[in-house]
Amino acid sequence: MILSPSLLSSDFGRLAEELAALEEAGLSWVHWDIMDGSFVPNITVGPPVIASLRQRSGLFFDVHLMIEAPERHLAAFRDAGADMLIVHAEATLHLQRVLAEIRRLGMQAGVALNPASPLSLLEYVLDDVDMVLVMSVNPGFGGQRFLFPTYAKIRNLREILDARGLNVKIQIDGGVEPDNVAELLRSGADVLVSGSAFFNFPPYAQRRAAFEKAAGTTK
Ligand code: DX5
Ligand code: ZN
């Protein structure tokens, strides 16, 4: 299991300290939620904020774009220091082109699906991605309740990936907490995003240990 804490629930006034604390607690990934007030109702931060924190952090920057027409901003996020760029399948008319462009720019490519979106949207782009983000809440806010149909969606996706022999990670985002970690992993998830259930329970090293205990690993 890879745990990717979502900064949406961190203290935005102390982002540099929060990133340092994550690294100190043994985390290797961090999840940035980028919202434009159009694709989702909320607005967060953009490339300048990521760029200024990039210099201070060795964490893997997993950047979740909840923005319309993400193709307008790919190079800006690459220049800011994103390692993985995730776009929503619902947010662009030219998904394959966007995913290919993310890789061409030297980043890993991810594609996200809203809870109501079927896996069939991805049928012809699975060769173009390093990760699929299955949203387990409707994007826009932290602290929402996990949606149970997500388990079946993960199992179906894992089957499709295995049948095609593809090495693509499955990431889950929304309402993830130690109580549902084991079932998410059993269903086939690899990367778990957690905002409120992580940041609201410091110290972070102990919280990380709680997630890992729930996962049954001792890393
Ligand atoms: C929601 C974001 C999530 C959010 C998850 O739109 O994509 O990353 O921070 O928050 P929790 O873990 O609190 O559901
Ligand atoms: Zn997210």
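Just above sits the structure.
Residues numbered from 1 in each chain as written. Chains lettered and ligands numbered in written order. Predicted model: local features only at pLDDT ≥ 70, side-chain atom pairs only at ≥ 80, totals over all residues. Heavy atoms only, no water.

> How should I be thinking about the sheet that holds strand 5 (residues 108-113) in this particular structure?
Backbone hydrogen bonds are what pair the strands of a sheet, in a parallel or an antiparallel way. Ordered by their spatial adjacency, eight strands build an open sheet running 1-8-7-6-5-4-3-2, and the pairing between neighbours is parallel. Looking at which strands have only one partner, the edges of the open sheet turn out to be strand 1 (2-5) and strand 2 (29-35). Neighbour-to-neighbour, the strand axes of this sheet turn through a mean angle of 25°, independent of strand direction. Sheet topology places strand 1 next to strand 8 (residues 191-194); four bridges connect them, and they run parallel. Each bridged residue has a counterpart across the sheet, and for serine 4 the counterpart in strand 8 is valine 193. (Pairing = 2+ DSSP bridges. Helix = DSSP H or I, 4+ residues; strand = E, 2+ residues; numbered from the N terminus. Axes fitted to C-alpha atoms, helices over the stretch in contact; angles between N-to-C directions.)

> Looking at this model, I keep getting lost on the packing of helix 5 (residues 150-163) against helix 6 (residues 178-187). Mind explaining?
Working note: a packed helix pair is described by the angle between its axes plus the distance between those axes. In contact at an axis separation of 8 Å, helix 5 and helix 6 are set at 30° when each is read in the N-to-C sense. Classed by the angle they form, the pair helix 5 and helix 6 counts as roughly parallel. Residues Tyr151, Ile154, Arg155 and Arg158 of helix 5 touch helix 6, and the partners they reach there are Asn180, Glu183, Leu184 and Ser187. (Parallel < 35°, antiparallel > 145°, perpendicular 65-115°, else oblique. Contact = heavy atoms within 4.5 Å.)

> I would appreciate a short explanation of the site of ligand 1 in the present structure.
Taken together, the neighbourhood of ligand 1 is formed by 20 residues, with Ser6, Gly140, Asp173, Gly195 and Ser196 sitting nearest. In the environment of ligand 1, an oxygen atom lies 3.5 Å from a nitrogen or oxygen atom belonging to the side chain of histidine 31. Within the side chain of aspartate 33, an N or O atom sits 2.8 Å from an oxygen atom of ligand 1. For ligand 1, whose free accessible area comes to 390 Å², the fraction covered by protein is 100%. The site holding ligand 1 turns out to be the largest pocket. If one sorts the elements of the shell around ligand 1 by residue count, strand 2 sits on top with three residues. (Near = heavy atom within 4 Å. Polar contact = N/O pair within 3.5 Å; in protein donor to acceptor, adjacent residues only side chain to side chain. Areas by Shrake-Rupley, 256 points an atom, 1.4 Å probe, with all protein chains shown as cover. 1 Å grid on protein atoms, 1.4 Å probe; cavity = no way out; pocket = protein on both sides within 12 Å on 5 of 7 lines; lining within 4 Å. Sits in = over half its atoms within 2 Å of the grid points.)

> I tried to follow empty space enclosed by the protein on my own but got confused; where do I start?
Tallied over the full model, the rule gives one cavity of 30 Å³ or more. Here the largest cavity defines a volume of roughly 40 Å³. Considering the residues around the largest cavity, the lining is formed by Leu7, Leu8, Phe12, Leu15, Trp32, Asp33 and Val45. (Points joined across faces, edges and corners; volume = space filled by probe spheres on them.)

> What is the right way to look at the packing of aromatic side chains in this model?
Centre distance and the angle of the planes are the two values used to describe a pair of aromatic rings. Under the defined criterion, the tally for this structure stands at nine aromatic pairs. Both rings, one in phenylalanine 198 and one in tyrosine 204, keep their centres 5.3 Å apart while their planes meet at 35°; by these two values the pair is tilted. No difference in accessibility class separates phenylalanine 198 from tyrosine 204, as the two residues are buried. What links up through ring pairs into an aromatic cluster is the set Phe198, Phe199, Tyr204 and Phe211. One residue, arginine 54, lies across the ring of phenylalanine 61, its end atom 3.7 Å from the ring centre. It is arginine 207 that lies over the ring of phenylalanine 201; its NZ or CZ is 4.1 Å from the centre. (Phe/Tyr/Trp six-rings, centres within 6.5 Å; stacked < 30°, edge-to-face > 60°. Buried < 20%, exposed > 50% of the residue type's maximum accessible area, 1.4 Å probe, protein only. Lys NZ or Arg CZ within 6 Å of the ring centre and 35° of its normal.)

> Hey, could you run me through the layout of surface pockets in this one?
If you roll a probe as big as a water molecule over the atoms, it shows you where there is empty space left. Of the voids in this model, the largest pocket is the one considered here, and its volume is about 410 Å³. Looking at the lining of the largest pocket, the elements that each hand over two or more residues are strand 2, strand 3 (60-66), helix 6, strand 8 and helix 7 (196-199).

> Just checking my understanding: could you explain the pattern of salt bridges for this structure?
Think of it this way: side chains of opposite charge can pair up when their charged atoms draw near. Tallying each qualifying case throughout the model produces nine salt bridges. Here aspartate 190 ties to arginine 158 by a salt bridge, and the two come within 2.7 Å at their closest N and O atoms. On the criterion of sequence distance, the pair formed by aspartate 190 in the loop between helix 6 and strand 8 and arginine 158 in helix 5 is long-range, its members being 32 residues apart. Owing to a relative accessible area of 27%, aspartate 190 belongs among the partly exposed residues under this scheme. Notably, a salt bridge pairs arginine 208 with glutamate 212, separated by 3.2 Å at the nearest N-O pair. Of this pair, arginine 208 and glutamate 212 both sit in helix 8 (residues 204-215), four residues apart, which is roughly one turn of the helix. One connected set of salt bridges, linked through shared partners, spans Arg158, Asp162 and Asp190. (Salt bridge = Lys/Arg side-chain N within 4 Å of Asp/Glu carboxyl O.)

> What is the right way to look at the pairing of strand 8 in this model?
Successive residues of a regular strand alternate their side chains across the two faces of the sheet. Here strand 8 shows a buried face lined by Val191 and Val193 and a second buried face lined by Leu192 and Ser194. Bridging between strand 7 (residues 169-173) and strand 8 involves three bridges; their strand directions are parallel. Across the sheet, the residue bridging to glutamine 171 is valine 191, located in strand 8. Between the parallel pair strand 7 and strand 8, the chain is carried across by helix 6, and the sense of this crossover is right-handed. (Right-handed = clockwise from strand over helix to strand, strands pointing away.)

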